[in-house]
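# Residue-level structure breakdown
Each chain, written out:
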Amino acid sequence: MDASSQGIHDAMTVHSWCIPGALTSHRRITHYADLGERDGGEWVPSGGPSMTARRRPRLAKRRRTLGFTQESLAGALGADRSTVARWERGQCDPQPHHRSKLCELLQIRPDELDELLLVAALGTQIHPSADPVRVLRGRVIDPTVITSGLDSDELEDMNRRELLRLLSIAGTLVTVPDIDADAHTADPERISHYEQLNSHLWRVYALAESKWTVYPVVRQQLDLLVSSLRRAHSSVAHKRLCVATADLLQLAGEILFDADRYTDAAHCYKLAADAGREGDAFDLWACALTRHAYLVMYERRFQDVTPILKGAARVARRGDGQLSSRHWVAAVQAEAYAGLGKLDDCRRALDEAERVKSLSGPAMPGGWLRFDGSRLAEERGTCYAALGRVDLASDALNEALAATTSPRRRGSILVDLAALGIHGKDLDQIVEYGVQAVDLAEKTKSSGYVGRKLQGLRTRLIPMISDSQVAQLSDRIAQL
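An account of the accompanying structure is given in this report. (Residues numbered from 1 in each chain as written. Predicted model: local features only at pLDDT ≥ 70, side-chain atom pairs only at ≥ 80, totals over all residues. Heavy atoms only, no water.)

## Brief notes about the overall build of the protein
Note the threshold: Numbering of helices and strands starts at the N terminus; helices are DSSP runs of H or I of at least 4 residues and strands are runs of E of at least 2. The cut-offs for exposure are 20% and 50% of the maximum accessible area for each residue type, with area from a 1.4 Å probe on protein chains only; residues under the lower value are buried, those over the upper are exposed, and the others partly exposed. Only the protein chains shown count as cover for residues, and the accessible areas themselves come from Shrake-Rupley with a 1.4 Å probe.
The helix and strand tally for the protein stands at 21 helices and seven strands. Evaluated residue by residue, the protein yields a buried proportion of 49% over its 480 residues. Accessible surface, the protein: about 22,700 Å² in total, of which carbon and sulfur atoms supply 52%.

## Quick word on the pattern of salt bridges
Just so we agree on the cut-off: Whenever Lys or Arg places a side-chain nitrogen within 4 Å of a carboxyl oxygen from Asp or Glu, that contact is recorded as a salt bridge.
Considering all chains together, one arrives at 24 salt bridges under this definition. Between aspartate 93 and arginine 56 there is a salt bridge, and its shortest N-O distance comes to 2.3 Å. In this pair, aspartate 93 is assigned in the loop between helix 4 (81-88) and helix 5 (96-106) and arginine 56 in the loop between strand 4 (54-55) and helix 2 (57-65), connecting sequence segments 37 residues apart. Judged by relative accessible area, which is 4%, arginine 56 ranks as buried. The network of salt bridges with common partners includes Asp351, Glu354, Lys357 and Arg380.

## Things to note about the packing of aromatic side chains
The following threshold applies: Pairing of aromatic rings covers Phe, Tyr and Trp, the last through its six-membered ring, and needs centres within 6.5 Å; plane angles under 30 degrees mean stacked, over 60 mean edge-to-face, and all others mean tilted.
This model, assessed by the stated rule, comprises four aromatic pairs. Centroid distance phenylalanine 257 to tyrosine 262: 5.7 Å. Interplanar angle 65°. Geometry classified as edge-to-face. Accessibility expressed as a relative area gives 12% for tyrosine 262, which makes it buried. Ring plane angle 25° and centroid distance 6.1 Å describe the contact between phenylalanine 282 and tryptophan 285, whose orientation is recorded as stacked. Placement of both phenylalanine 282 and tryptophan 285 in helix 12 (residues 282-298) is noted, with a separation of three residues, approximately one turn of the helix.

## Observations regarding the side chain of glutamine 333
Just so we agree on the cut-off: A contact between two residues is defined here by any heavy atoms of the two lying within 4.5 Å.
Relative to the assigned elements, glutamine 333 resides in helix 14 (residues 325-339). According to the relative accessible area criterion, glutamine 333 is buried, its value standing at 15%. The residues contacting glutamine 333, other than those within four sequence positions of it, are Leu309, Lys310, Ala313 and Ala349.

## Some words on helix 17 (residues 390-403)
Quick note on the threshold: Here the expected span of a helix is defined as 1.5 Å times the quantity of residues minus one. Within this analysis, the arc is defined by the directions that extend from the helix axis to the C-beta atoms.
Between the first and last C-alpha of helix 17 there are 20 Å, a value that for 14 residues agrees with the 20 Å anticipated at 1.5 Å per step. Inspection of helix 17 places Ala393, Ala396, Leu397, Ala400 and Leu401 among the buried residues, and these make up the whole buried set. Buried residues of helix 17 fall within an arc of 135° about the axis and therefore sit on the same side. Opposite the packed face of helix 17, turned more than 90 degrees from it, sit the exposed residues Asp395, Glu399, Ala402 and Ala403. Where helix 17 is buried, its residues contact helix 16 (376-386), helix 18 (407-423) and helix 19 (427-444).

## Observations concerning the environment of glutamine 429
Selection criterion: Nitrogen and oxygen atoms within 3.5 Å of one another constitute a polar contact, given that in protein one can donate a hydrogen and the other can accept it, and given that sequence-neighbouring residues count only through two side-chain atoms.
Inspection of the secondary structure assignment puts glutamine 429 in helix 19. A C-alpha to C-alpha distance of 7.6 Å links glutamine 429 and leucine 417, two positions twelve residues apart in sequence. Sequence-distant contacts of glutamine 429, that is, excluding residues within four places in its chain, are made with Leu417, Ala418, Leu420, Gly421 and Gly434. In terms of polar contacts, glutamine 429 uses its side chain to reach the backbone carbonyl oxygen of leucine 417, at 2.8 Å.

## Concerning the environment of lysine 342
Tracing the sequence through the fold places lysine 342 in the loop between helix 14 and helix 15 (343-354). Classification of lysine 342 as partly exposed rests on a relative accessible area of 38%. Linking lysine 342 and leucine 387, residues 45 residues apart in sequence, is a C-alpha distance of 8.0 Å. When near neighbours in sequence (up to four residues on either side) are disregarded, lysine 342 contacts Tyr337 and Leu387.

Here you go:
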């Protein structure tokens, strides 16, 4: 293995273990005659959970009211998302070490938590909905009718199980294909259709105010790709299917990332990188690694993200020199260096990203690569803000705000400008830009992207909460 390949291999290894929740332990169930069962560290009533549908709707409602998803609440508790799901399904009770933290996060007293933990039996009959939802079927998008009678968390669980099933199958089929040199009859036409649909879905995603509305169709398209991967096909067709899969999985990851479902997004990006590698699509592979790096940076694990981005840079250099992949990797590296407080390294990375403007011809082949340098002022502002260079950050962010029209990008810039107000103890700047950012977050329903940045801003507002306008802004952020 040469030095370049070894570096990429090392980055992929780090990339794998950096997936949130990737390291899971086997669970052992121990029976206690009087106390019941201990399932995954939680107490289950004696005899096990009932097969009858039992729910704690008030617990789930309180969680949603405080702005938590099951995954984000589990993260704050240091627990697994499935543990929170079991609590809300009435299958087990929180242990004492979880109860105190749960009361703190849900802003309730212990006796109020006891009331929320009361289990209510629910009817199990499901009635068809009269409202059609458009989903992908065959080669066109057709109307179909989905069932109602499931609450939002049940639907989330069902969607997540289906996604994980598809990812598991796709991961196997990508790396262990059924290759048949004679199987080539319908492959080119079918795969071309998949590629066109992927491109169309990226455009729909870009235009959608609520990104989650695109997810059902993306999942249906992924189901079709997995079905094609199951069939015998030629080596050439397999590579094209892998490329189409890598493309679509990055879109799925973007949607899940925006919906605050980071573990699921990480799995999508990991498999997208694998599929891109199998398809010899170096730019797609590099972009999947870079998207995964964003997830690690959101947890402020800048030291962990460095080898992933170095691997992504090596992969991108093996790709198409006319595409902007390597320049996007450099822009993300600049953010990581800023998080580590390395001003000189950050500037060098930003200068490398700036070279995207020297490319001739189309630098972006599709939705999976959208870096054209138009966001560099925003990138510089974000980096300088992280480095505490308020003067440099303010100029760059105001330049970016004047140039951008995307609501989600504007929201991100506005949060950064509000944060600069905290540096300068300027309450007017904090409130002005903070309120505008909340308005956009509510409009776009972006709880994962702009909303996550606003939650970080809210934490920094605590020392100023005595001001009525700041308190009002903090309350609005909490309700997102």
